[in-house]
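Observations on chain architecture
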Amino acid sequence: ARITIRRPLKHVRTYDTGEAGEDSCTLVTQCSIDRLGRLITQAAHWRGAVAAAVVAYDGATGEHVAVREARRRIEAAVAEIGACGVGVGLPVRRTIALYEDGGLGLYPINAARNAALRLATTELVLLLDVDFLPSTGLHSTVA
C-alpha cells in the first residue's frame, strides 16, 4: 500500500501593513476565509501588532476556496485591517498570511495556529480565537 502524506498548509502569500514598531505583544489568530469579517473586527479592537493565518477554506460550506478568489477577498480585508492599524496612531505591523488547506478536506486548526505563531515577531503573544474580541485597554495592560 502506498501512503500519501500531504502538508496540511501550503503558503500562498504574506501581506504586511504598517511598520515594525516596538510593540511588545502580538495578537495571534487564525481563521478560514469566510471569517475575514471577524478578523477585521478583531484587528480594530487590538491596538498592537497582529499576526494571522487565513486558510483558503470556507468553514460554512466545508469547501476549498480557489486561490484566486481567496486572494481577492483577503486583499480587500488587508486594506481594512491596515486602516485599523493607521487609526492606532503608532507604527503597528499587521501581518496576514494566506494558505491553501492542502486538500485534506478538514480545517487544519493546529497547523494554522502554528503558522500564525511563526508570523509573530514579539516576545509576548496573545493567542486568541478569531471569534473573540480583546477587552478595551488589554493591549496597554499587557504591553
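Our structure is the block above this text.
A brief report on the enclosed structure follows. (Residues numbered from 1 in each chain as written. Predicted model: local features only at pLDDT ≥ 70, side-chain atom pairs only at ≥ 80, totals over all residues. Heavy atoms only, no water.)

Quick word on the overall build of the protein
Along the protein, the regular secondary structure elements total 4 helices and 7 strands. Counting the 143 residues in the protein, one finds 42% classified as buried. Nonlocal contacts in the protein, meaning residues at least 24 apart in sequence, comprise 81% of its contacts between residues at least 6 apart. Surface summary for the protein: the accessible area is close to 7,900 Å², and the carbon and sulfur share equals 52%. (Helix = DSSP H or I, 4+ residues; strand = E, 2+ residues; numbered from the N terminus. Buried < 20%, exposed > 50% of the residue type's maximum accessible area, 1.4 Å probe, protein only. Contact = heavy atoms within 4.5 Å. Areas by Shrake-Rupley, 256 points an atom, 1.4 Å probe, with all protein chains shown as cover.)

Things to note about the environment of Arg-47
Following the sequence through the fold, Arg-47 ends up in the loop between helix 1 (36-45) and strand 3 (49-55). When the C-alpha positions of Arg-47 and Thr-26 are compared, they lie 9.6 Å apart, and in sequence the two are 21 residues distant.

Quick word on the environment of Arg-94
In this fold, Arg-94 is placed in strand 6 (residues 94-100). What makes Arg-94 buried here is its relative accessible area of 0%. When the C-alpha atoms of Arg-94 and Leu-119 are compared, they prove to be 9.8 Å apart, with 25 residues separating the residues in sequence. Polar contacts involving the side chain of Arg-94 include one to the main-chain carbonyl oxygen of Trp-46, which spans 2.9 Å. (Polar contact = N/O pair within 3.5 Å; in protein donor to acceptor, adjacent residues only side chain to side chain.)

So, the nonpolar core
With 24 residues, the main nonpolar core has Ile-33, Leu-36, Leu-39, Val-54, Ile-74, Ile-96 and Leu-98 as its most contacted residues. Elements with a contribution of two residues or more to this core: strand 2 (25-32), helix 1, strand 3, helix 2 (67-88) and strand 6. The leading source of residues in this core is helix 2, at 5 residues. What Leu-36 contacts, discounting residues up to four positions off in sequence, is Val-54, Arg-73, Ile-74 and Ala-77. Of all hydrophobic cores here, the second largest spans 14 residues; its members include Val-28, Ala-51, Ala-97 and Ala-120. (Core = buried A, V, L, I, M, F, W, Y, C linked by side-chain atoms within 4.5 Å.)

Overview of the pairing of strand 6
Along strand 6, 7 of the 7 residues are buried, which leaves the element largely enclosed by surrounding structure. Along strand 6, one buried face is formed by Arg-94, Ile-96, Leu-98 and Glu-100 and the opposite face, lined by Thr-95, Ala-97 and Tyr-99, is buried too. By the bridge criterion, 7 bridges tie strand 1 (residues 10-17) to strand 6 in an arrangement that is antiparallel. Each residue of the ladder has a partner; that of Arg-13, found in strand 6, is Leu-98. Taken together, the 6 bridges between strand 3 and strand 6 define a ladder with parallel strand orientation. (Pairing = 2+ DSSP bridges.)

With respect to helix 1
Taken together, the buried positions of helix 1 are occupied by Leu-36, Leu-39, Ile-40, Gln-42 and Ala-43. Each buried residue of helix 1 sits inside an arc of 165° when the element is viewed along its axis, so together they form one side. (Arc of directions from axis to C-beta.)

Some words on the sheet that holds strand 2
An order of 1-6-3-2-7 is seen for the 5 strands of this open sheet, with the pairing classed as mixed. Every other strand in the sheet has two partners, leaving strand 1 and strand 7 (124-127) as the edge strands with one partner each. Within this sheet the neighbouring strands show an average axis-to-axis angle of 20°, counted without direction. The pairing of strand 2 with strand 3 spans 7 bridges and is parallel. Each residue of the ladder has a partner; that of Gln-30, found in strand 3, is Ala-53. Seen against the sheet, helix 1 touches strand 2, strand 3 and strand 6 and runs at an angle of roughly 165° to strand 2. (Axes fitted to C-alpha atoms, helices over the stretch in contact; angles between N-to-C directions.)

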